[in-house]
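The primary structure of each chain is shown beneath.
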Amino acid sequence: MASQPPPPRPSVPPSASAPVLPYVLALADDLSGAAETACALGGPVRLSLTAADVAGSATAHDLVVDLDTRHLPTAEAAHAVRTALRAAQAGPPRLLYKKVDSQLRGHLAAETAAYAEEAEAVVIAPALPAAGRTVIDGVVHVNGVPLHRTDGWRAERAAAPHSLPEALPGLPVRTVPLDVVRSDPAALDAEFRRIADSGAHPAPDAETDTDLDAVAASALRLGPGFRLLGSGGLALALGRVLVRPAAAAHSPAPAPAQDRAPLLFVVGTAEPAVVAQIAHLTALGGHHVLLDPADLATGTVRLPRTAAAPALTVLSIDGSAGLHPGTGRALSAALGALAAAYPGRPDLVLTGGETARTTLDALGIRELEPLGEIHHGAVHSRTPDGRRVVTRPGSYGAEDSLLRIATALRPSLAAPAATT
C-alpha cells in the first residue's frame with residue numbers, strides 16, 4: 001500500500017464555537033515524534049531539524065521543530081524548550097503544542113515545567129488510542145496494562161512512573177475523570193478553568209479519539225493561555241478540531257515509487273517485536289547486518305564490502321544479551337554514521353527517534369516534507385534533494401510493519417505475492 005496523504009480536515013462552519021486560529025508551532029523532543037506530529041496536524045506543514053527556525057518569518061503553514069532533547073542532560077533539555085518559546089515570541093503568532101512520548105519517556109517533568117512558564121495552564125493528555133495507550137484515573141495504560149507494569153522503560157535508567165502526577169513532580173497536576181471529559185463541553189471548560197484558577201494543570205483521562213477531540217476543543221475555546229501537551233493522539237485531535245483560514249487546504253501527493261535506489265532500513269530499537277519485523281524483510285531477500293553493540297559503541301564495525309549495494313539492506317543492533325540503559329544515544333550515533341556512509345544514496349527507513357535524528361544529522365539533512373503515513377506512526381517524507389525517508393517510533397508497528405513500509409516504497413517487492 002502506498003503512503004496516504006493526511007486526510008482533509010473536516011470543515012467547520014464559521015458559526016462554530018471554535019475560533020479561527022493561527023498556525024501551529026509544535027515542539028518535539030525527538031524526530032520520529034516530530035514527524036508523527038507533522039502528519040497528524042493535517043495542514044500545510046514544515047518539519048525542521050533546526051531549533052533556530054522557531055523564529056522564522058510568517059508563512060501559511062504549521063511548523064514542527066525537533067528540538068532533539070531526549071539525549072540531553074535534564075537542565076539543557078528544559079533550557080532548549082525555554083529558548084524555543086522565547087524565539088517564538090519574535091516570530092508569527094502560532095498556537096503552541098508540545099509533543100511528548102506516550103509512555104512518558106524523556107525529560108517530561110523538566111520540559112513540561114519550562115513549557116508551563118507564562119501559561120495560564122498546560123492541558124496534559126498523552127493518550128494515544130491508535131497505539132493502545134490510554135489514561136485512566138491519571139495512570140497511563142499500554143494495551144490495558146498500567147505503564148509501570150510493562151517493560152516500556154527497560155532501556156531507561158529509572159523506573160516508569162505510576163501516574164501522571166508522579167511523572168511531573170513539582171508541577172501541580174489535577175486529573176480530570178472520564179465522566180467529566182465526556183460531559184457537556186461547558187462543564188469540561190469549567191473544570192479546566194477551575195483547575196487553572198487554583199494554580200494547577202489539568203490532566204484529563206482519555207480512552208478514545210473522541211475523548212481527545214473533546215480535550216483539544218476545550219483548550220481552544222479557553223484561549224491561547226491554555227497550552228496543549230500530548231502525544232501524537234492529541235495532535236491528531238487538534239488537527240480535527242482546529243478551524244483554519246480558507247487557504248489551509250492541503251493534500252500533498254506522495255512521491256512516485258522509484259525502484260532504482262537501494263533501500264536501507266536502520267533499526268535503532270531494542271523492542272523485542274523487531275526480530276519478527278525484520279524476518280519479513282529477510283524473507284523478501286533483504287540483506288540483514290546484525291551489529292554487536294559493543295563493537296558499534298567502540299567504532300570497530302565495518303560494513304561488508306560488496307560490488308554493489310543490495311537492493312534492500314537492514315542494519316540492526318543485536319539486543320539478545322540486553323542493552324545497557326543510557327547507551328542509546330551513543331549506539332544511535334554510531335548506527336547513523338554507518339548508515340550515512342552506505343553506498344548508493346539509498347532511501348531510508350529509520351526506526352527510533354534518536355536513530356532517525358543521528359542518521360539525518362550525519363547526512364546533513366535539516367528539513368523534511370511529510371507526504372503521508374504508510375501506517376500509524378510510519379511517516380513518509382521527502383528531503384529537499386528528493387531522497388525519501390520513512391521515520392517510525394521504535395515501539396510502534398505490528399509484525400508486518402517493516403514489510404508494509406518496504407512494499408509501499410518498493411511496490412515491486414509485493415509483486416510475487418500478488419501472483420501466487
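This report concerns the structure included in the present document. From a predicted model like this one, the values you see are computed outputs, not experimental measurements. (Residues numbered from 1 in each chain as written. Predicted model: local features only at pLDDT ≥ 70, side-chain atom pairs only at ≥ 80, totals over all residues. Heavy atoms only, no water.)

### Some details on the overall build of the protein chain
Test applied: Helix and strand definitions follow DSSP, with helices as H or I runs of at least four residues and strands as E runs of at least two, each counted in order from the N terminus. Think of it in three bands: residues with accessible area under 20% of the maximum for their type are buried, residues over 50% are exposed, and the middle band is partly exposed, with areas taken using a 1.4 Å probe on protein chains only. Two residues form a contact once any of their heavy atoms are found within 4.5 Å.
When helices and strands are counted, the protein chain shows 14 helices and 18 strands. Classification of the 420 residues of the protein chain by burial places 54% in the buried group. Counted over contacts in the protein chain with a minimum sequence separation of 6, partners at least 24 positions apart contribute 75%.

### A word on unusual backbone geometry
In the Ramachandran plot, Asp68 falls in the positive-phi region, its phi being about 55 degrees despite a non-glycine side chain. You can see Asp68 is positioned in the loop between strand 3 (62-66) and helix 2 (74-89). With a phi close to 55 degrees, Asp137 is a non-glycine residue in the positive phi region. Here Asp137 shows up in the loop between strand 6 (133-136) and strand 7 (139-142). Residue Asp137 is classed as exposed on the basis of its relative accessible area, which comes to 61%.

### Here we look at the packing of aromatic side chains
Put simply, the test is: Only centres within 6.5 Å qualify two rings of Phe, Tyr or Trp (six-membered ring in Trp) as a pair; their planes then separate them into stacked at under 30 degrees, edge-to-face at over 60, and tilted for everything else. Distance and angle both matter: a charge sits over a ring if NZ of Lys or CZ of Arg is within 6 Å of the ring centre and within 35 degrees of the ring normal.
Counted by the stated rule, this structure contains zero aromatic pairs. A cation over an aromatic ring shows up here: Arg227 above the ring of Tyr115, its NZ or CZ 5.7 Å from the ring centre.

### Considering the packing of helix 9 (residues 274-283) against helix 13 (residues 401-409)
For any two helices packed against each other, the geometry is given by the interaxial angle and the distance between the axes. What counts here: Structural elements are reduced to axes, namely lines fitted to C-alpha atoms, with helices fitted over the stretch in contact, and the angle between N-to-C directions of any two is expressed from 0 to 180 degrees. Between 65 and 115 degrees an angle is taken as roughly perpendicular, under 35 as roughly parallel, over 145 as roughly antiparallel, and anywhere else as oblique.
Orientation of helix 9 relative to helix 13, taken along the N-to-C sense of each, is 40 degrees, at an axis distance of 7 Å. Judged on the interaxial angle alone, helix 13 and helix 9 are oblique. For the pair helix 9 and helix 13, contact is made by Gln277, Ile278, His280 and Leu281 and by Ser401, Leu402, Leu403 and Ala406, respectively.

### What about the layout of surface pockets?
Note the following rule: The method works on a 1 Å grid over the protein atoms by themselves. A cavity is a set of points holding a 1.4 Å probe that cannot get out, a pocket is an open set with protein on both sides within 12 Å along at least five of seven lines, and residues with an atom within 4 Å of a point line them. Grid points are joined across faces, edges and corners, and a volume is the space filled by probe spheres set on the points. As a working rule, the residues Ala, Val, Leu, Ile, Met, Phe, Trp, Tyr, Cys and Pro are called nonpolar, Asp, Glu, Lys and Arg charged, and the rest polar, with Gly in that last group.
Of the volumes computed, that of the second largest pocket is approximately 330 Å³. In this structure, the second largest pocket is lined by 21 residues; those nearest its centre are Ala131, Arg133, Asn143, Ser395 and Tyr396. Of the residues belonging to the lining of the second largest pocket, the class tally is five nonpolar, nine polar and seven charged.

### Looking at the pairing of strand 17 (residues 378-382)
Worth spelling out the cut-off: DSSP bridges decide pairing: two strands pair if at least two such bridges lie between them.
The buried fraction of strand 17 amounts to four of the five residues, a majority that puts the element mostly inside the structure. Pairing between strand 16 (residues 367-375) and strand 17: five bridges, direction antiparallel. Bridge pairing in strand 17 places Pro370 opposite Ser381. Summarising the sheet, strand 17 and strand 18 (residues 388-392) pair through four bridges and their orientation is antiparallel. Residue pairing for strand 18: Ser381 is matched across the bridge by Val389. Where strand 17 folds back on strand 18, the antiparallel hairpin that results is connected by five residues, among which Gly386 adopts a positive phi of roughly 95 degrees.

### Concerning the side chain of Thr351
Take Thr351: it is sitting in strand 15 (residues 347-351). A relative accessible area of 1% places Thr351 in the buried class. Ignoring any residue separated from it by four or fewer positions in sequence, one finds Thr351 in contact with Val266, Val267, Gly268, Thr269, Arg392 and Leu402.

### Here's the deal with the sheet that holds strand 6
What links the strands of a sheet is backbone hydrogen bonding, and the strands pair in either a parallel or an antiparallel sense. Spatially, the three strands line up as an open sheet ordered 6-7-8, and their pairing is antiparallel. Each edge of the open sheet is held by one strand with a lone partner, namely strand 6 and strand 8 (145-146). Where strand 6 and strand 7 come together, four bridges link them in antiparallel fashion. Of the residues in strand 7, the one forming a bridge with Ile136 is Val139.

### Details of the environment of Gly394
Tracing the chain through its elements places Gly394 in the loop between strand 18 and helix 13. C-alpha of Gly394 to C-alpha of Glu354: the two residues are 40 residues apart in sequence and 9.5 Å apart in space. Not counting the four nearest positions on each side in its chain, Gly394 is found in contact with Thr269, Glu271 and Gly352.

### A closer look at the pattern of salt bridges
To keep it simple, the criterion reads: The working definition used for a salt bridge is a side-chain nitrogen of Lys or Arg within 4 Å of a carboxyl oxygen of Asp or Glu.
For the structure shown, the criterion picks out 24 salt bridges. Among the ionic pairs, Arg105 bridges to Asp101, the shortest N-O distance being 3.0 Å. Residue Arg105 shares its accessibility class with Asp101, and that shared class is buried. As a salt-bridge pair, Asp197 and Arg193 come within 3.9 Å of each other at their nearest N and O atoms.

### Focus: the side chain of Ser231
When you line up the elements, Ser231 lands in the loop between strand 11 (226-230) and helix 8 (232-241). Given a relative accessible area of 1%, Ser231 falls into the buried group. Not counting residues up to four positions away in its chain, the partners in contact with Ser231 are Tyr97, Lys99, Val100, Ser102, Ala125, Pro126, Ala127 and Leu128.

### So, the environment of Arg392
Mapped onto the fold, Arg392 is located in strand 18. The buried category is assigned to Arg392, whose relative accessible area is 0%. Along the primary structure Arg392 and Gly377 are separated by 15 residues, whereas in three dimensions their C-alpha atoms are 5.5 Å apart. With residues near it in sequence (within four places) discarded, Arg392 still touches Ser32, Gln277, Leu350, Thr351, Gly352, His375, Gly377, Ala378, Gly397, Ser401, Leu402 and Ile405.

Bear in mind that shape data such as this cannot, by itself, settle questions of function.
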